[in-house]
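# Topology and contacts: notes
This is what each chain is made of:
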Amino acid sequence: MKKLVMITMFLVFSFSLYAEEQNTIFMDYYRKATELGWLGLSYCIEIDDENEIEKELFRLSLDPTNSKVKIMDAKAAFEELKQYIESEKEFYNIHKGNPKFINFKGCIRMFYYGTGYGSDYNTQVERIVKKYCKDCK
């Protein structure tokens, strides 16, 4: 009976370690794509504080399981995302001459339609993360 309990505990523990490893791999890529997407939104809305962006990009470049290992060129990824956003501003009616509220709505529309309805923003963010994060699963 004691052996059966030990074997069961071992199997449960092994399965939980495997599930945690799979979750870490998934969360690594998913987290990076999500955070890069939010950084792009803050850039579009023009609420980006340079110091905060630098901190976020540094954190985004690191492996979430080992904060001393850099696995992504987050600065290059963010620059490419900014270029994409600049190319889409006309389509979403985001211009310097507009009131901030109109530009805010355009940025939200680009972000929301990109994540909710499969338009190009989310696809571009995922492509950029795959390109610059070689060690993401």
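Computed from a prediction, not measured in an experiment: that's the story for all the values here.

### So, the state of the cysteines
- On inspection of all chains with the given rule, the structure shows one disulfide.
- Disulfide pairing places Cys44 opposite Cys107 at an S-S distance of 2.0 Å. Linking Cys44 and Cys107, the disulfide has an S-S dihedral of approximately -80° and is accordingly described as left-handed. Here the residue Cys44 occupies a position in helix α1 (residues 2-45), and Cys107 occupies one in helix α4 (residues 100-116), the gap between them amounting to 63 residues. For the pair Cys44 and Cys107, one class covers both residues: buried.

### Re the confidence of the model for the protein chain
- In this model, the protein chain carries a mean pLDDT of 78, and residues with pLDDT of at least 70 account for 75%.
- Model confidence for the protein chain, summarised as mean pLDDT per element, is weakest for α1 at 64 and strongest for helix α3 (residues 74-88) at 93.
- With pLDDT under 50 throughout, residues 8-26 is counted as low confidence; its partners more than four residues away or in other chains account for two contacts.

### Let's talk about the packing of aromatic side chains
- This structure, assessed with the given rule, holds five aromatic pairs.
- An aromatic cluster of three or more residues is present, and its members are Trp38, Tyr84, Phe111 and Tyr121.

### Regarding unusual backbone geometry
- The backbone phi angle of Glu46 is positive, close to 70°, even though this residue is not glycine.
- Within the secondary structure, Glu46 sits in the loop between α1 and α2 (50-61).
- A positive phi is found at Asn93, a non-glycine position, where the angle reads about 60°.
- In this structure, Asn93 sits in the loop between α3 and α4.

### Things to note about the pairing of strand β2 (residues 66-70)
- In terms of burial, β2 is a largely surface element, zero of the five residues being buried.
- Pairing between strand β1 (residues 62-63) and β2: two bridges, direction antiparallel. Within β2, the residue paired with Asp63 across the bridge is Asn66.
- Linking two consecutive strands that pair antiparallel, namely β1 and β2, is a turn of two residues.

Parameters at a glance
Residues numbered from 1 in each chain as written. Predicted model: local features only at pLDDT ≥ 70, side-chain atom pairs only at ≥ 80, totals over all residues. Heavy atoms only, no water. Disulfide = S-S within 2.5 Å. Helix = DSSP H or I, 4+ residues; strand = E, 2+ residues; numbered from the N terminus. Buried < 20%, exposed > 50% of the residue type's maximum accessible area, 1.4 Å probe, protein only. pLDDT = per-residue confidence, 0-100. Contact = heavy atoms within 4.5 Å. Phe/Tyr/Trp six-rings, centres within 6.5 Å; stacked < 30°, edge-to-face > 60°. Pairing = 2+ DSSP bridges.

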